[in-house]
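As a plain string of letters, each chain reads:
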Amino acid sequence: MLLVYIMMKVHYLIGLVIMAWIYMVISSFVWFRSIEPIKPNIGLNKKLGLKFKLPVKHDISTSGTFGELRPNHFHAGLDIKSATGRSGEPVMAAAKGFVSRIKVSAYGYGNALYITHPNGHMTVYGHLDRYMPRIQEYVMKEHYRLQKFELDLHPTPNQFPVEASQIVAYLGNTGSSTGPHLHFEVRDASSEKALNPLDYGIDMKDEIAPKLYSIKLYNQSSGNSVPIFSVPVNESEDKKYSLGNDTVMVSTDVAGIAMRAYDLSNKSQLGVYGIRLYADDVLMYSFDMDELSFDEMRYSNAHRDYQEQSLSRQIYHRLFKLPGNKLPIYKDAVNDGWIYLERNTLKRIRIEVYDHAGNTSTLNFKLMQVDGMPSLLTPGSRFVSRDQRYQMEQDNLRLEIPADRLYEDIYLKYNTSAGDGTYSPIYQIHESSTPLHKSINLSIKPNELPDRLKRKAIIAHIGNRSITSYGGKWVNGRLETSVNTFGRFAVMVDTTSPTIKPIKFKPRHHVSALKYKIYDNFGTDGAADELKYNAWIDDRWVLMEYDAKSDMITHHLDGHTPKGKHTIKVQVTDDRGNSRIFAQSFIR
C-alpha cells in the first residue's frame, strides 16, 4: 500500500509539472504574438528568427543608416524620413511591450521613447514631436513637479503597456535633428548594445549598389599610418569601377588602403553596411555593421581617417586597423589589414563595398612597390606613446595625456604665442585634426589675473571662428580642466551676461506662445555647464521648451495661464554665474 501511495504522489507531481509547462508555453505564445516569424533572408535575426513591425504607416525611406559615420560616433539606428516632409505623422510600437524610459532633451534624441519587449530587446524612438496623450500628460506633470525641461523618466512596467502597431508618439524634429524624421533603434535590453534594425525584420526596398569615389594609400612608419596620396575611382556607364591606371605604384613595402564610398538612397549619401579587402584573393580585412556598443562609439574616429575629414570633410573608411582601435567589428583580419609588398611584384587588390540588401560594388586594381623614399612620421622632441601616460610642464602650462587617449603614437607639436584679451599665452597643443579618444588634462597658471576676476576665469579653446569655454576650477593657484580635443588654449574671463531676445512679440496683441532666442558669448564643452534658464508668469514657474539648434526657448500658453493681461519674467544664467533677466507684459 505504501508503494501504491508513493506512486500516486509521483504521478501527481509529474502532472503538476506538465500543466505548468503547458501554461508557460501558452502564455509565451500569447505574449509574443506581436513578434512574428521572419521570412528567409529579409532582416534575419540569426539568433531568434524574429522580426519587428515598421514603426510608421508608410514604406520607409532613410536619411541615415545603421553604423553611418557621424561626429565622434557611429549612427546607432535608422533615420526614417517623414512621408510628408513635416512633423506630426504617427509613430507606432514595433512590438508588444511597455514604455520603460522617457527622455526629454534639447540635444541628442530630443523627445525620445524607449519600449522594452518580451523578446529581450528594446526599441528606441527619437526626435519625437510629442507623445501619445496619456504619456504626454504624464510628462507635462513631471515638468511642473520638477520645474525643469530636461527629463529622464523610468515608468513602471505596468504604467504604459503597449501593443504592436499601437500609436505611441508623433514624428518630429526635436533634439539634434536637421529635419522631420524618426530615429529608430533596436537594442539588446540587457547590454543596451545597438543592433542593426535591418537584421530584425525592418524591411526596406533597396536595389542600388553603393557608389565608390576614391581610395587613399598609406605607408606604415614606426607602427603608425602616414598618408601617401589618394586616387579617384572612375565609374563606367555599366556601373563598373576602375582606377585611371590599373597599377598603383607606392614607395613602401607595407601599404594601407582606405575607401571613400557611400550607399545611395533617393539621392542621399548614406553609410555603407560593409567592406571587404582582398589581396591576391586572400581576405585581409572586413567589417559588417550589425551591432555596436555605446561605450565604443568614439572608436569611430580610429575607423575613419579623422585627419582627412577634419581638413576636407571627406569620409574614408580605413581598411586597416590602427594600434589603438579596439572595435570588435573587424573580421578575418590578416596583419590588421596592412598589405606587405615586394619590390617590382604585383599584388592584386579587390575591394567589395556592399549594402544590407547585398547590392555590391567592386574595385579591382594592382599594387606594386617601386624605388623611392617612403613617407615617414615627422619626428620631433616630444614623443607620446598611445599606451603610456605623458606629462609636460612648460611656460606655466601643465599637460597630462593619460594612457589610451590616442589611437597612434605622435610627436607632440607645441608652441606659444601672445594672446589678445587673454590672461596667459595662447598654447598651441598639437593639432585638432588628431583625434582624442577621451579627455586630457590642462592646468594653467595665469598672468596678472585680478582676484576679483578669478571666479570668472575659464580655460578657452580658441578656434578659427569661435571660442569655446571648457570651464575650470582653481587648484593651488592654477586653473584646471579637462579637454577632449587638441588645439589652441588660453585663460580668458567671462563677465558678459547671456542675451535674451523676444521673437515676433507685439505687446498689444493676443498671443498663444512666447518665444525667446537665448545665447552666450562663449560656447561650452567639457566641464562647462550649458545655459540655465527659467521663466515665471505672474511669479509662477512655467515650462520653457528649449531647442538648442535654434537657441530658442518657447512657452505654449495653456490651462496654467488664464485669459487676460499677464507678466512674464525670463532668467538665463551662464557657466560663470553671469545672469540676465528679461520681463514683459502680454495679453492672452
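Just so you know, these numbers come straight off a predicted model, no measurement behind them. (Residues numbered from 1 in each chain as written. Predicted model: local features only at pLDDT ≥ 70, side-chain atom pairs only at ≥ 80, totals over all residues. Heavy atoms only, no water.)

## So, the overall build of the chain
Inference 1: If you tally the helices and strands in the chain, you get 4 helices and 50 strands.
Inference 2: If one aligns the C-alpha atoms of the chain with their principal axes, the spans along those axes are about 85 × 80 × 65 Å.
Inference 3: Within the span of the chain, comprising 588 residues, buried residues form 48% of the whole.
Inference 4: Contacts in the chain between residues far apart in sequence, at least 24 positions, make up 68% of those at least 6 positions apart.
Inference 5: Where the 72 positive side-chain charges of the chain centre and where its 64 negative ones centre are 6 Å apart. (Helix = DSSP H or I, 4+ residues; strand = E, 2+ residues; numbered from the N terminus. Buried < 20%, exposed > 50% of the residue type's maximum accessible area, 1.4 Å probe, protein only. Contact = heavy atoms within 4.5 Å. Lys, Arg positive; Asp, Glu negative; His and termini not counted. Charge placed at Lys NZ, Arg CZ, Asp CG, Glu CD.)

## Digging into the pairing of strand β36 (residues 440-444)
Inference 1: For β36, the buried fraction is high: 4 of the 5 residues fall into the buried class.
Inference 2: Pairing analysis gives 4 bridges linking strand β32 (residues 397-401) to β36, with the strands arranged antiparallel. Residue pairing for β36: E400 is matched across the bridge by N441.
Inference 3: The sheet contact formed by β36 and strand β40 (residues 478-483) spans 5 bridges and is antiparallel. Pairing of I440 across the sheet is with V483, part of β40. (Pairing = 2+ DSSP bridges.)

## With respect to the sheet that holds β36
Inference 1: One open sheet accounts for 5 strands, arranged β31-β32-β36-β40-β39; its pairing is antiparallel. Unpaired on one side and paired on the other, β31 (390-394) and β39 (473-475) mark the two borders of the sheet. When strand polarity is set aside, the average angle formed by the axes of neighbouring strands in this sheet is 20°.
Inference 2: Sheet analysis places β39 next to β40, joined by 3 bridges and oriented antiparallel. Each bridged residue has a counterpart across the sheet, and for V475 the counterpart in β40 is R478. (Axes fitted to C-alpha atoms, helices over the stretch in contact; angles between N-to-C directions.)

## Regarding the nonpolar core
Inference 1: Counting residues in each nonpolar core, the largest one holds 60 residues, and the members touching the most others are I102, L113, Y125, I135, V139 and L182.
Inference 2: Broken down by element, this core gets its largest block of residues, 4 residues, from helix α2 (residues 133-146).
Inference 3: Of all hydrophobic cores here, the second largest spans 55 residues; its members include F66, A194, Y218 and Y273. (Core = buried A, V, L, I, M, F, W, Y, C linked by side-chain atoms within 4.5 Å.)

## Considering the pairing of strand β28 (residues 347-354)
The side chains of a regular strand alternate between both faces of the sheet.
Inference 1: Two elements, strand β22 (residues 274-279) and β28, share 6 bridges in a ladder whose sense is antiparallel. Residue pairing across strands places Y278 opposite R350, the latter belonging to β28.
Inference 2: Both β28 and strand β29 (residues 360-369) contribute to a ladder of 8 bridges, which runs antiparallel. Paired with E352 across the bridge in β29 is T362.
Inference 3: The turn linking β28 back onto β29 is made up of 5 residues, and G358 within it adopts a positive phi angle of 95°.

## Some words on the sheet that holds strand β41 (residues 487-493)
Inference 1: Ordered by their spatial adjacency, 6 strands build an open sheet running β34-β35-β41-β37-β38-β44, and the pairing between neighbours is mixed. Edge positions in the sheet fall to β34 (414-417) and β44 (523-524), since each has one partner strand and no second.
Inference 2: The sheet contact formed by strand β38 (residues 467-469) and β44 spans 2 bridges and is parallel. By the bridge assignment, T468 is partnered in β44 with G523.

## Brief notes about the pattern of salt bridges
Inference 1: By the definition in use, this model includes 28 salt bridges.
Inference 2: Close ionic contact of D281 with R350 constitutes a salt bridge, the shortest N to O distance being 3.0 Å. Highlighted residues: D281 in the loop between β22 and β23 (282-288) and R350 in strand β28, separated in sequence by 69 residues.
Inference 3: A salt bridge links D547 to K549, with the shortest nitrogen-to-oxygen separation between them at 3.0 Å.
Inference 4: Residue D547 is classed as partly exposed on the basis of its relative accessible area of 24%.
Inference 5: Residue K549 is classed as partly exposed on the basis of its relative accessible area of 41%. (Salt bridge = Lys/Arg side-chain N within 4 Å of Asp/Glu carboxyl O.)

## Topic: α2
Inference 1: Relative to the 20 Å expected for 14 residues at 1.5 Å per residue, α2 spans 20 Å between its end C-alpha atoms, a close match to the ideal helical length.
Inference 2: Here α2 has its buried residues at I135, Y138, V139, E142, H143 and Y144.
Inference 3: Positive phi shows up at Q147, right after α2, with a value of about 55°. (Expected span 1.5 Å × (residues − 1).)

## Let's talk about the side chain of H75
Inference 1: For H75, the position within the fold is in the loop between β5 (73-74) and β6 (78-81).
Inference 2: On the basis of relative accessible area, H75 is assigned to the buried category, the value being 4%.
Inference 3: There is a polar contact of 3.0 Å between the side chain of H75 and the backbone oxygen of T65.
Inference 4: Discounting chain neighbours no more than four positions away, the residues touching H75 are G64, T65, F66, G67, E68, R70, H183 and L292. (Polar contact = N/O pair within 3.5 Å; in protein donor to acceptor, adjacent residues only side chain to side chain.)

## What about the packing of aromatic side chains?
Inference 1: What the rule picks out here adds up to 15 aromatic pairs.
Inference 2: Ring centres of Y470 and F489 lie 6.3 Å apart, and the angle between their planes is 70°; this geometry places the pair in the edge-to-face category. Of the two residues, Y470 is situated in the loop between β38 and β39 and F489 in strand β41; the sequence distance between them amounts to 19 residues.
Inference 3: On the basis of relative accessibility, which here comes to 3%, the residue Y470 falls in the buried class.
Inference 4: Judged by its relative accessible area of 1%, F489 falls in the buried class.
Inference 5: Put simply, the rings of Y107, Y533 and Y546 touch in pairs and so form one group of aromatic residues. (Phe/Tyr/Trp six-rings, centres within 6.5 Å; stacked < 30°, edge-to-face > 60°.)

These figures come from the coordinates and say nothing about function on their own.
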